[in-house]
Every structure is written in structure tokens, then in C-alpha cells.
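The residues making up each chain are set out below.
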Amino acid sequence: MTSPFTFWDARTAEEAAALLSKKGAMALGGGVDLLGEMKEGIRAPEHIVNLRSIPGLDKIQKTDRGWRVGATALLTDIADHADLRKDLPGFAESAEAVATPQIRNQGTIGGNLAQRPRCWYYRAAEFACVKKGGKGCPAEKGENRYLAIFGDGPCHIVHPSDCAPMLVALDARLFLRGPDGARDLPIADFYELPSKNALCEFTLKPGEFIEAVEIPTALPRSTYVKIREKDSFDFAIAACAIAGKIDGDHFTDARVVLGGVAPVPWRSVTAEANLRKNTIADAVEPASNSATDGARPMSQNAWKIPMTKAAVARAIRSFLPR
Amino acid sequence: MAKRTLRVGYPGNYREIEVDSPDAEPAPWDADSKLAVVGKRSPRLEGADKVTGKAKYTADVKLQGMLVARVLRSPYARATARSIGLAKALKMPGVKAAIEVEKEARYHGQAIAAVAAETEAQAEDAVAAIEVDWAVGEHVVDVEAARKPNAPRVHGGKNPNERGGEAQNTATEEACVTALKKSHATVDITFTTPVVTHSCLESHGSVARWESDGSLTVWDSTQSIFGVRDGLARGFQLPAEKVRVVKEHMGGGFGSKLGMGQHSMIAARLAREAKAPVKLMLTRKEEHLAGGNRPSSVQRVRAGADKDGKLTCLWLQSHGTGGINGGANCAGPLMSLYNCPVRRLWHADVITNASPAAAFRAPGHVQGMFALESTMDELAGKLGLDPIEFRKRNDQNEMRQAEYGEGAKMAGWEARAHLPNSGGRHKARGLGVSASIWGGGGAPGAQARCVISRDGAVEIQCGTQDIGTGTRTIIAMIAAEELGLKPEQVLVKLGDTTLPFSHGSGGSMTAPSVTPAVRAATAAARGRVFEACAKSLKADADNLTAKGGNVVAKGGASIPWAEACSKIAGANVSEQATRAQNFRGYKDGTAGCQFAEVEVDLETGHVQVLRVVAVHDCGRVVNPLLAESQINGGIIQGLSYALLEQRILDDATGRMMNANFSDYRIAGPKEIPEISVVLFDVSNGRTNTGVMGIGEPPIVPTPAAIANAVAHAIGKRITDLPITPDKILAALGKK
Amino acid sequence: MKNGEQRIEFTLNGDKTSVTFPTFKTLLEVLREELNLTGTKHGCELGECGACAVLVDGKPVLSCLMLAVEADGTKVTTVEGLADDARLHPLQEAFADCGAAQCGYCTPGFLCTAKALLDKKPDANRREISEALAGNICRCTGYIQIFEAVEQAAAKMAVKK
């Protein structure tokens, strides 16, 4: 990792946006993903703009619109925040599901949402695939056991974030800051399928960065279920985020979002419908089975279909009285 | 040679045998020996250094003017460098040397060229500046593809990639067919196992320094300091004594650091070129790409048994790949564990464009035992026999027979049919068993020197190496036992080729090879102390003993150890001994067995190992704390192999895709079962200490025991390691 | 300070320290190379093994994934700073006594991570211990003796209080 970058401690959001407008500039949160990419030789920023030096950008606070979590809030602090967990249990669970304790002590929510994919071909400097501006996807005829069953290419990454599907389920809004000022958008709109933009999973204009995420508390019941191959440390093989409202034995409102199976957090409208029209107990089968409707597995990853169903079933069952 | 009568065997089953032991050696320890130090739990002597960060590993060596080296590795599985341009790299800032290593690349990650620079960053930049004109060739990494007649020839020429044939001393094909036909129950199953990497936490690496007299000093992360020394001496055409290899502490080897690695040669070549010391430590990615691996296997096993549950035939046809190397044979357990009248083996090593295999903790046995013991459970099922009962009927090793009894009790084998589980209809539990088998008797030739000074200080010098197993500590314990001292009163010098010779630390050989030499040298030096102090005690030297920190005469008179040593004429006494041949003792191998209890998540296919009961013997246990640690470690590596690890190569390019620690999964803290270790005490009368190795045995049965437990839990057998969730889901018919 | 270099001031193992280094260096590299504290180890370079874990402001982080410049103004504790003068920290004693340090290479990272756990949760049970240590890989011991050592240290520390 020898790229001769210049390091900047941003003091304000405005300053960060100005610095990030420089050619080859990248934002640094916890550094977990950025340093990894630099060491793997697939990223060589000319400027690194530290966002953690911006006072207050790591704040976790309750507002009249719900919870506002600054971009540099640590995943550990989100997971450990007792009041936030009361209002948004699924969000706390998703933060706690990330990687390992040390990485959660370093990783920020902004970095988690804007982390880059783990696809082996993307991460290996030796391959020039469509995500890196090259041609085609070597995984289509290659090693794709952990890749997407949804999304239809031309790149088949799965979005690696645990928090993103949960925040989509919770209908969170992202607050972005750029050289032209601030804007906000539903987090679901932040992510783009490869068919629209194969180079990047999210939409940030030059110089823009995530400043905060706001999560409404309108969906008081939520959970995040992550299935790993190795429990100590793994990205999701399949994950399910559910947020909704429960009245007695059934959901009156429900949003079901899958993780680890598509290039973006993958909302399953059919699972949601099945969840709403049954009691919770009766919804387990139809909702989990329908969650994979439309999945088109690759040569090695059909096993992710039962895995996804299991994640959904488990997530729904967690709302049943014990 | 002296004839000595020893009591050998294990509790409940002792017998007397007569052995010939060298006259100069102390009387061998046997079942009746009452020992004060040996056999007690004793923390590692270097524990304080390891918990404070003081312990120095090769990566921590820092020399005056030392340069850092980096290696250019082939991005192709098969390519020829038409030219390797070093000129640009040599002109880069800080670069002091650049060398060509190899033009023919036969695997992804093969070293092609290397540079040494003042800093790591400069070396990395310089490697990137090396200009290679590649002619990319055709590769083959898939084992089955490599066997085909039209496959690209990995080593060129006309030699086929498949190199194998029938083993000797086996039955004919016809005899097998007849035996199987006559059998009451038969199975025919094909098992496969993956290539796995050693994944030592400390990578391979060397620091090389040329001295002003033309000699070479190398600090190396190695299991074999003398092996590295001899390799370097050959490489540079130097007399062996002109090369000194030092290794104080090492972060894991597991077989991958036996013998000289290419990195040592590269570091020394660069150091000579740059006229400065050079450090070369491999990165994690390089470690996966070129640090060694356990070969894969495809094993078709046909086996039969008669109505009485006796094996009638064991037939194995296997092949596997160790990349550009051979070494994939894994028939050891099948050929040796059970009594069977008809046995036949055919094996082929398949050469592929993948990185070379290296010895890996119980080479061959881990793969082979998985296939054999899975087969035994399937046969037991067909015969309607309890798996342990079936094993016992075919196993003549009385130690293992007894070990099954102890293990079954602890594992709750009787309740096997009614295991509870934690998740209702979504979970299933199973309990499985596997035998173990290994040698571990050590080898002659290891040397040790004991130096006792006038002030009572004791130093043991032995050119072995402590690879983390606790060799330092057990050497001190053996010497302390002989001298009536405490282990911490013995200074152990090892890990340096200027010390008396010892073997590489592989094959579970270190403890059984080194301890007899240490004991003999110490006893001889003690004899010299006795001679020196006998007069003060008004006794014959022959009537003195050393115990409790004193030298004690038969009549009861005693003087403190230090006082006894003060009678030494001159500065010290020094005695050296060489480890003798093994005596014809009780048993020449180790047995052992393990039980694994697993819980399978029927929705996700996830396997959690809940408990492992491990019963192992290793002759005399010098230090139970260390022996248990070896067993725990072997079990976890076996678990990791059974459930998680596999090297994945991209077929189209031959590149390794998961050369890190997130995509190459190694068991972590949350994968760990409860482990109960039973050290089965055996007095084997094979050497003057009766110590056997325990490094390898505990990994041998674990994957098979887990696989058998999974089969018991879900009623389906997974024959392909690792047992990942996709395979369980497929076996359960989940779509 | 040359172009491309940084200078930071921080508290390292209790001592005010200032150090100058090339901007791209990680905290791990600066600790080992500029400050000669080689107790903290390289394991994987990608935050996947925990061998490089140190405490920054009391929390275990992976020093291979942290630019050294980010340590400016922080309190960093490495394995070399766990002992109180010559007295080993109870965790260090327990790791040595229980045989939790086998080859010892992963030990510094385990110790720093375990210290943060016991500081926060002195009565951690086996499940919490394995949870807290989930980011650390050990290839030798089988973890059992590491768990036992953390439990033994916790018990010792509870008696002291």
C-alpha cells in the first residue's frame, strides 16, 4: 500500500465536501474497507479525507423525526445504544452482526453503507471485470457460489452491508453532503443495480459523502437475521431484515428486505404481502417460500435459495411469542 | 548393551519385557518409575516472553542496515517469462538489489523475481516496476481435467500429469472381487477432500546476513534449522559449517516449514547482491499462494464384511493433487489400521498447475482416515452393528480397544440413540466416532549437551527447535528430573545450528527424539558432579542421587546442589549424548480415538460441533498441559478442515480466489466445541524416556468423527469435505 | 518533516510519544518499525485475523486497518504496555499459566482484546468471551486454553476487588 496520497483531517462537512471534490479524493471513515481495497491494489486514492475529524459527525440522537445517526458513528456504538435498540431493535442487531468486535470498533455506519463488494474477482487486482471498468463478469463461468441470485447482471456481486437491508426495511433516509450543498433521499434510492451502473453500487455525485442517516420510528418491530458459514466472522450468505407493525398475532405493516443475495438490498414485496395477509405463525411458510420468487441462481449458488428462505422464516419466527 | 527388565503397557494391562539399552544410558523409565517433575502440568518456560511481546519471531528481527525484500509472483498459472527486466526497478529510490528467480511459471504465485530496498514501500514499488514479457501458456488446475490424455502437460515434455500405479504387497483385483462377492455387506463410496493451506499465523520468512568471513547467518521461521542450513549450504556451495541458522520463536508451521523454503534462498541471494542484511517475510496472500498445502484426494473405497462383522476386503483407488508436487497418497490408515485379509491399493498423484504441496500435520492420514472411518460406519450400518463394536472386531490394537471404552463412557455413547437438541424440528444431533493412528516414535541421531557449572547453573544445548509445542519446557523438565531440580533452574539453548544436531520438528518426532538424548547427557554430566562431590559426602559416586535440590548419599548425608557443583574441578562439566535406536519395546505407534457430537441446523445446513472427546496415548506424557494443548489444537484444525477450509482456484485462469482469511475460513472462537481430553498413559519401553509424539495424532480422527456425527444426525452421508451448508441442504433435498 | 510525512503525538503505553512517519503507514507499521514495539504482529493485513489488535482509547482495534496518522491525540496500549511496571497483568499471568500462548504469535492480539472485554465486563462468561474474541484467529491452541485463561484472569481480578 504505497500510493502517495495526501491526508486531510476535515474539520467541517463543508470542508470535507470541498476536499472530496479534488481529483482522486476518497472519504475515510473507519478505514476498514478503504484500506483493504488499497492493500489489495484495487484502489489508489490521491487524497484521503478523514471524516472522523469532523466534530459531532458521530452523534447518535433522537429527533422529532426518529433517530439521526451521524456518518462516523461507530457500529459498536450503534449496537450498544440502549435507547436506540428499544426503538429500532433491528438496526442495533444489524450493526452487531457486522464482522467482528474490533471491526465494529473501527467501522462507521457511513462506511458500512458505502462499502464495496466482496466478490473475489472484484477484489483481485489480476482481474479486470465489468465492475472495475473492464469487460464481462468472469464469475459467470467461474466461482460464483457466494454471489447474487437476484439482479440479473451484468455484474453479480452481493451487497455486503448488514445495516443497509435493515435501513431499507426501516425506510431510512440518507443525508448527503456535497460541494453544492446537502440533499437527502430514501436509502433504497441510494443503491443502484449493475444494469444501471456496473461500476458502483451507490449514487454519490463528485465530492459527495454520507453525512447522516435518519430512521423513522414508525415501524417499531424489527429484526435482522444473518446466516453465516463461519459464525466467528463472515459476510452474510443470506440475510433478512423485517420491519413492521404488529397488532395481536399479525403484521399490519411489514417490509421485508433481503441481504447477501443481490447487488443491492433486495426488497421482497411478495414476502411482505404474504406476511401481511396471514397471522405471523401462518405467514412463516408462504412468506419465506415466496421471498425467493424470481431468483435466478448462477451455476454454483442455488443453495442460497433455501438459505434465503431459512433467513426469512427465522426472522418471522422471531416475532412469535416465545 | 545392557539387558534391562521394564514394566510396560497401560493401567490394568502391564507386562514385563526385556530390552537392550546402551550401557552409557541411564536405566529407562518404565511404569514403576516415580518421577518428581516429568508428568506434571508445567507452564511454558518462555510464557512470560510470549505474553509481554518480548518473544522475538523472525519477523521481529531488526539488524543494522537491514533491507526489506519483496517478490514478484506470477499472475498466471502457466506462463514463460521471455524476459525479466530489472533495470527500471534497480533505478527506483532505495532499491539495492534485484534478482531473477525463475522464468517458467507453473502456478499462480510462483516467484519470478525479487528486489531488496531500504523500505517495504520502496520494495513494493520496485516489484511493480519489474518488466516481464510474458508468454502465457495453457494451464490445468482441475484434477479430473489434468488426468485426461490431451491435458496440458504441467511439467512439459511427454510425461503425463497422472503418475501412479498399484502399490506392492496387495491382493489382486480378482481376489478383491471374489472377497467382495462373498461378503455379507459391502459398500462402494467415493470420497473427496479439498486442498487446504497451513495458514500459519506467522508467515514463512527469513532474515539473511553475510558475515565478513564469507559465512552466512540466517534467521528463519522454520521447523528445521539444520534443514535450512543444509539447503542454503547446497544452494551457495558452502561447507555446512559456514551457514548458521537461528530460530528463537516461530508462529506456527504445521509441516509447511520443514526444510528450506525458496524465500530463504531469495533473501540470502539478495543480501549477497546488496551487501547488506535482507528480511523477506511473505504476505498473507503469498502464504496462501506459495506457502504449502495439503493435497486433495478422490478416494473410491470398496469394502466388505462377513456376517460376524469381520472385514473381508478393503479396496482403494485414489488420486489427488499436490499441485506441481506429488505426495497425495493417503492410503496409510486403510492399509494399516484394521485386520483385513484382502487389501488392494491403486494411487495416482495428479500434477496440476497449482502451488506445491508440503507436509501438513499427519500427511495423508487426515484424508485417508476420513474415507476409511466413514466407510466403517456405513458398513456397520449395513451389518446392523454398533460402530464401536464393529471397529473393535477388526482392530487388534489393545490400547485402542481400551481407549474406545473410556471415550464411549465420557461421550455418552450409550445414549446415542436419544440425543436431545436445542431447536425442535429445525435441529438434529448426532454422535460419531473415529479411530486414530500414527507413529511418533522418534528417530536416533538427535544430540544434546549438558553443561553444569561450578555455581550450579545447568544448561542444556540442543539444536532442536521449539515450534510452539513446548520443546524448551520439556527439555528443561527432563533435565530437572535427572538433577532433582526445578525446570526453571535449567537454561535451555535451542534453535541455533551452532548447537548439537537435532532433526527437523516434523512427524511428531521432536519429543521422542530429543528427550532420550537430553536425559542421557544430563545423567552423564550428573555423574561427573557426583564424582566431584563424592568425597565431601564421604560416599561412593555410585551411591549418590540428586533430588529435592540436593545431592544425597545412600546413608542420608546430603549437600545442596550448588555446593555439590562447587566441587567441580575447572569451570564446568560438559557431557554430550546421542539418541540411540529405539529399543524393541511394547508398541511402536500411537493409537487413540475421538468422539464428536454435532448439532445440524436443518434449515441452514450449518453444523455446530458441540463436544469432542479425545482419547490419545503418546507413551510417557512429559507435561499434560502441553500435550492437551496439542490435542486441542489438532482437533480444531481437524474441525476447520471438516467444515470450513478449502482452497478455491478459478478454473479459467488457475488463480487462487480466496487467498485471505475471510474467504479462506479458519475456525475461530465461536466454532469451538467443548473438548474433553483423556491422556491414556502408556509405558512403552522404547527409549530411556518412553516419550512419544502427540503433534499429529489428534488431527487424524477429527474430520471422520465429525462426518460420522453429521451422518448420524441427518441420516445422510456427506462424502465431500468440507461439509459446508450447501452440501447439507442438498443432502436434505432443500431447494 | 518531509513532504509525504506525518507527525503525531499520542500516549503510548502511558508515555507521551511523538513520532514522524510516511503518511501511508498503518499504526501497526509505525508501532513496529518507527517505535520498535514488535509485540504487535502482522497476520493478514486485511483485518481478518486480529493478530495486530491494540487498544486505542481502551477499545480493541485492528492496527493494520488504521492509518497511524489517525492515532494522533489518542491513548494507545499495546501488549508491551499491559503489565504494571514489572507486574504482569492478570491476563498475562493467566495466559502464561494456562498454556494459552502456544506459538505465541496471536497472543498479543488476544490479550489486548481480552483486556478490553474484562475492563467492560469483568464477569464475562464463556459465550461472551468467545463473542469478544471472535475476530482473533489462533491456529495452534484450539482456543480452549485461551478461554480458560481469560476466565482465570477474571476470577483473579474479581478477588482483588
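Residues numbered from 1 in each chain as written. Chains lettered and ligands numbered in written order. Predicted model: local features only at pLDDT ≥ 70, side-chain atom pairs only at ≥ 80, totals over all residues.

1. Considerations on the domain arrangement of chain C
Residues and elements named next belong to chain C.
Here comes step 1: Split into domains, chain C comes out as domain 1 (5-81) and domain 2 (90-160).
Here comes step 2: When each unit is reduced to the centre of its C-alpha atoms, the spacing between domain 1 and domain 2 is 21 Å.
Here comes step 3: Between domain 1 and domain 2, the residue contacts involve 15 residues of the former and 13 residues of the latter.
Here comes step 4: Taken together, the elements giving at least two residues each to the side of domain 1 that touches domain 2 come down to β3 (53-56) and β4 (59-62).
Here comes step 5: In terms of residue class, the side of domain 1 that touches domain 2 is made up of eight nonpolar, five polar and two charged. (Domains from an automatic or database assignment. Contact = placed C-beta atoms within 7 Å. Helix = DSSP H or I, 4+ residues; strand = E, 2+ residues; numbered from the N terminus. Nonpolar A, V, L, I, M, F, W, Y, C, P; charged D, E, K, R; others polar.)

2. Section: the nonpolar core
Residues and elements named next belong to chain B.
Here comes step 1: Formed by 409 residues in total, the largest nonpolar core has its most connected members in Ala69, Val115 and Val710.
Here comes step 2: The element that contributes the greatest number of residues to this core is helix α14 (residues 510-533), accounting for 13 residues.
Here comes step 3: The residues contacting Val115, other than those within four sequence positions of it, are Ala69, Arg70, Ala89, Val95, Ala97, Ala98, Ala123, Ala126 and Val127.
Here comes step 4: Judged by nonpolar contacts, the second largest core, of six residues, contains Leu6, Val8, Ala31 and Tyr586. (Core = buried A, V, L, I, M, F, W, Y, C linked by C-beta atoms within 7 Å. Buried ≥ 20, exposed ≤ 12 C-beta atoms within 10 Å, placed from the backbone.)

3. Here's the deal with the interface of chain C and chain B
Here comes step 1: Taken together, the contact between chain C and chain B spans 43 residues of the former and 41 residues of the latter.
Here comes step 2: Elements with a contribution of two residues or more to the side of chain C that touches chain B: α2 (90-97), α3 (107-120) and α5 (144-160) of chain C.
Here comes step 3: With four residues, the top contributor of residues to the side of chain C that touches chain B is α2 of chain C.

4. A few points about the interface of chain C and chain A
Here comes step 1: Taken residue by residue, the interface counts 22 residues in chain C and 20 residues in chain A.
Here comes step 2: Residue contributions to the side of chain C that touches chain A peak at four residues, all from β4 of chain C.
Here comes step 3: Tallied by class, residues from the side of chain C that touches chain A come to twelve nonpolar, seven polar and three charged.

5. Some remarks on the pairing of strand β15 (residues 278-281) of chain B
Residues and elements named next belong to chain B.
Here comes step 1: By the alternation rule, side chains of β15 split into Val278 and Leu280 and Lys279 and Met281, which are all buried.
Here comes step 2: Across two bridges, the pairing between strand β3 (residues 67-73) and β15 is parallel. Within the sheet, the bridge partner assigned to Leu67 lies in β15 and is Val278.
Here comes step 3: Sheet analysis places strand β12 (residues 205-210) next to β15, joined by four bridges and oriented antiparallel. (Pairing = 2+ DSSP bridges.)

6. Section: unusual backbone geometry
Here comes step 1: Note that the residue after Gly153 of chain A, namely Pro154 of chain A, is joined by a cis bond; omega there is 5°.
Here comes step 2: Locating Pro154 of chain A in the fold gives a position in the loop between α8 (120-123) and α9 (163-169).
Here comes step 3: The amide bond that connects Leu721 of chain B to the next residue, Pro722 of chain B, takes the cis arrangement and shows omega of -5°.
Here comes step 4: For Pro722 of chain B, the position within the fold is in the loop between α17 (702-714) and α18 (725-731).

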